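Breakdown of the fold
Listed below, chain by chain, are the residues.
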Amino acid sequence: MGHLAIRDLGVEFRRRAGLRRETVVGLGSATLEVRPGEVLALVGASGGGKSLLAHAVLGLLPPNARVRGEVRLDGQPLDEAALRGARGRRLALVPQSPTHLDPLAPVGRQLAWAGRRGGRAVDVGFALAAVGLPAASAALRPAELSGGMARRALLAAALGTGADTILADEPTDGLDPRNAATVLATLRQAADAGGAVLLITHDLALAIPVADRVVTLWDGATLPAEAASAFRGAGDDLRHEGSRRLWQAVPQNGFQAGERVGA
Ligand SMILES: Nc1ncnc2c1ncn2[C@@H]1O[C@H](COP(=O)(O)OP(=O)(O)OP(=O)(O)O)[C@@H](O)[C@H]1O
């Protein structure tokens, strides 16, 4: 059972600007909890820090990053040693960029590696079918995959680890509606099997049908979670003004081009 708790997580970068050094805030402050058996959607505008949150949890930030805050897995602090043990076993990332696949290895082999990292044998054909990929894609190298196929291969690899806590960063980006639905259904199944799934997306409308709760990243900080079912009608069941504004801004609710959310 996965239970991921993040408290006041912030990320800054140190960089040189001419002769000066400056600090850039990538993620202001994020607090959220992903419980076993749920899909928690983290939504927010592009550049808000959603990917940084996932990378900070997994310890994948570059050396010039400074991370503040607390991350716990099943109540235990996820410090460096705990992370080494959990990454690829308890905790898996579906990265946003398909470049995370090894360019030289066939997909099937990469799925088998992922399983081995998690201490299990992967049925490659089954893992591919679960994300809507044909069995023949096991023999293909990443360069032979379409962008959408590569994205689904990344999801298959993350699930192949058997991790009970999955952080999926824009997993439907670039997918047609049918394949996006397959990916979301697969994540839902992982949660229904007891896993904790953090679904990171800029697309609130896409997240609502699959998520149990939704956390909005607003101006660099998270709003308290809302029930996904509260995003309906005029948004009267939503508890926070920021959530209401986000809901009113989705195209289905008559968002006008040029309107600015939060203005
Ligand atoms: N290595 C880095 N050095 C400096 N700034 C960075 C670095 N990585 C990310 N940032 C900045 O941090 C902010 C948040 O980036 P992040 O990739 O987390 O956004 P996001 O919400 O995932 O957006 P998107 O949905 O477009 O991927 C951005 O302003 C980005 O430019």
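Residues numbered from 1 in each chain as written. Predicted model: local features only at pLDDT ≥ 70, side-chain atom pairs only at ≥ 80, totals over all residues.

**Some thoughts on the overall build of the chain**
- Helix and strand counts for the chain stand at eight helices and eleven strands.
- Summarising its shape, the C-alpha atoms of the chain cover approximately 50 × 50 × 40 Å along the three principal directions.
- Out of the 263 residues in the chain, the part that is buried amounts to 43%. (Helix = DSSP H or I, 4+ residues; strand = E, 2+ residues; numbered from the N terminus. Buried ≥ 20, exposed ≤ 12 C-beta atoms within 10 Å, placed from the backbone.)

**Some details on the nonpolar core**
- Core analysis: the biggest nonpolar cluster contains 78 residues, and A156, L187, V197 and L199 have the highest contact counts within it.
- Here this core takes nine residues from helix α5 (residues 147-160), the largest share from any one element.
- Excluding anything up to four places from it in sequence, A156 contacts L111, A127, L128, A130, V131 and L133. (Core = buried A, V, L, I, M, F, W, Y, C linked by C-beta atoms within 7 Å. Contact = placed C-beta atoms within 7 Å.)

**Thoughts on the UniProt feature "domain: ABC transporter" (unreviewed entry) in the chain**
- Mapped onto this structure's residue numbering, the UniProt feature "domain: ABC transporter" (unreviewed entry) falls at residues 6-244.
- The span residues 6-244 carries 30% helix and 29% strand; its end-to-end C-alpha distance comes to 24 Å. (UniProt positions renumbered as here; feature names shortened; annotations may be inferred.)

**Let's talk about helix α8 (residues 241-249)**
- Burial in α8 covers these residues: G242, S243, L246 and W247. The arc that holds the buried residues of α8, viewed along the axis, is 135°, so those residues lie on one side.
- Contacts made by the buried residues of α8 are with β3 (39-44), α7 (204-207), β9 (213-218) and β11 (226-227). (Arc of directions from axis to C-beta.)

**Re the confidence of the model for the chain**
- The pLDDT averaged across the chain works out to 90; a share of 96% of its residues lies at or above 70.
- Taken element by element, the chain is modelled with least confidence in α8, mean pLDDT 87, and with most confidence in strand β8 (residues 196-201), mean pLDDT 97.
- Here residues 255-263 scores under 50 on pLDDT; set against residues more than four positions off or in separate chains, the count is six contacts.
- Quick note on the complex model: pTM equals 0.91, ipTM equals 0.94. (pLDDT = per-residue confidence, 0-100.)

**Looking at the site of the ligand**
- Around the ligand there are 14 residues in total, and G26, S46, K50, S51 and L52 lie nearest to it.
- When residues of the shell around the ligand are traced back to their parent elements, those giving at least two are β2 (20-34) and α1 (50-57).
- Residue contributions to the shell around the ligand peak at three residues, all from α1.
- The residue inventory of the shell around the ligand, partitioned by class, reads four nonpolar, nine polar and one charged. (Near = placed C-beta within 6 Å. Nonpolar A, V, L, I, M, F, W, Y, C, P; charged D, E, K, R; others polar.)

**Observations concerning the pairing of strand β1 (residues 4-17)**
- When β1 meets β2, the two strands line up antiparallel, connected through eleven bridges. Note that in β2 the partner of I6 across the bridge is L32.
- Here β1 hands over to β2 after two residues, with G18 in that stretch at a positive phi of 65°.
- Pairing between β1 and strand β4 (residues 65-73): eight bridges, direction antiparallel. Looking at the pairing, F13 lines up with A65 of β4. (Pairing = 2+ DSSP bridges.)

**Section: the pairing of strand β7 (residues 165-169)**
- Burial within β7 is extensive, with five of its five residues counted as buried.
- Summarising the sheet, strand β6 (residues 91-94) and β7 pair through four bridges and their orientation is parallel. Bridging across to β7, L91 finds its partner in T165.
- With five bridges joining them, β7 and β8 adopt parallel strand pairing. Opposite T165, over in β8, you have A196 as the bridge partner.
- Following the chain from β7 across helix α6 (residues 177-192) to the adjacent parallel β8, one finds a crossover that is right-handed. (Right-handed = clockwise from strand over helix to strand, strands pointing away.)

**Structural notes on the environment of L187**
- Within the element layout of this structure, L187 appears in helix α6.
- Assessed through the 26 C-beta atoms surrounding it within 10 Å, L187 is described here as buried.
- Between the C-alpha atoms of L187 and G148, which are 39 residues apart in sequence, the distance is 16 Å.
- Once residues lying within four places of it in the same chain are set aside, the contact partners of L187 are V39, I166, A168, V197, L199 and V210.

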